[in-house]
Amino acid sequence: MKTLETERLILRPFEETDFEAVHAYASAAENIQYMVWGPNDESQTKAFISQAIAQAKENPCSNYQFAVVLKSNRRLIGACNLAISSNDEAEIGWILHRDYWKQGFGTEMGKRILEFGFSELGLHRITAHCDAENYGSYRVMERIGMRREGCFLEARPANKYSDKKYGDEYSYAILKDEWEVLQDSLL
Ligand SMILES: CC(C)(COP(=O)(O)OP(=O)(O)OC[C@H]1O[C@@H](n2cnc3c(N)ncnc32)[C@H](O)[C@@H]1OP(=O)(O)O)[C@@H](O)C(=O)NCCC(=O)NCCS
């Protein structure tokens, strides 16, 4: 699996030594409030890293799991992934350690992973899903050009701080043609 770069970030395959940095966000309630998984115990974080390392070695890879590292100090600040869901389609996702929210890193890695999917993997359609209350996540989807295709009522477990059992889910997507128009408009 190759390493990707943005202006401020390196997206690289996971390594066993990433445990502490990954567990720092994956075990924190505030960080995983809207995730379907977590908070992780140590064995769950280790299992995630082992699985990500194994998936990186698959050929063809079915789930590209990237550790997100700051170029400035090589610190691991989060993760993003692109999971192939059918021949020409994939779903993307992301998480950043809470100390790094609201600095544009989510948008930066989201843009790069879309580019990876369309221009390097030749995909036709890329989707993303999140809790309908997860403003940070769906704003990243919108900032990178994805369209909201639907809201699925009570389709996922409610966020971790809610008294409710179920939460609503937004579904976003972007087609390769739409992405190409966006690239042209940036030239
Ligand atoms: C979702 C996430 C990766 C966004 O990353 P980010 O680097 O903070 O995003 P950006 O800085 O590019 O900001 C995008 C927008 O989201 C907003 N935002 C980001 N994090 C936010 C948060 N925790 N709460 C409220 N707004 C947030 C930003 O202010 C910005 O809003 P704007 O477009 O109105 O200006 C990050 O918030 C995160 O890791 N959240 C926890 C994990 C998670 O929920 N992942 C998604 C699961 S589907």
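Above this text is the structure in question.
Residues numbered from 1 in each chain as written. Predicted model: local features only at pLDDT ≥ 70, side-chain atom pairs only at ≥ 80, totals over all residues.

### Remarks on helix H1 (residues 19-26)
Inference 1: Among the residues of H1, Val22, Tyr25 and Ala26 are the ones counted as buried. Down the axis of H1, the smallest arc covering the buried residues is 95°, so these residues share one side.
Inference 2: Lining the buried residues of H1 we find helix H2 (42-56), strand E4 (76-86) and strand E5 (89-96). (Buried ≥ 20, exposed ≤ 12 C-beta atoms within 10 Å, placed from the backbone. Helix = DSSP H or I, 4+ residues; strand = E, 2+ residues; numbered from the N terminus. Arc of directions from axis to C-beta. Contact = placed C-beta atoms within 7 Å.)

### Section: H2
Note: α-helices contain 3.6 residues per turn, so residues at a spacing of three or four share the same orientation.
Inference 1: Between the first and last C-alpha of H2 there are 21 Å, a value that for 15 residues agrees with the 21 Å anticipated at 1.5 Å per step.
Inference 2: Here H2 has its buried residues at Thr45, Phe48, Ile49 and Ala52. In an axial view of H2, the angular spread of the buried residues amounts to 95°, which keeps them on one side of the axis. Residues of H2 that are exposed and point over 90 degrees away from its buried face: Ser43, Ala47, Ser50 and Ala54.
Inference 3: For H2, the elements touching its buried residues are H1 and strand E3 (63-70). (Expected span 1.5 Å × (residues − 1).)

### Concerning the site of the ligand
Inference 1: Lining the immediate environment of the ligand, one finds 22 residues, of which Gly106, Thr107, Cys130, Gly136 and Arg139 sit closest.
Inference 2: Elements with a minimum of two residues in the shell around the ligand: E5, helix H3 (105-120) and helix H4 (135-143).
Inference 3: In terms of residues, the shell around the ligand owes the most to one element, H4, which gives six residues.
Inference 4: Classifying every residue of the shell around the ligand by side-chain character gives ten nonpolar, nine polar and three charged. (Near = placed C-beta within 6 Å. Nonpolar A, V, L, I, M, F, W, Y, C, P; charged D, E, K, R; others polar.)

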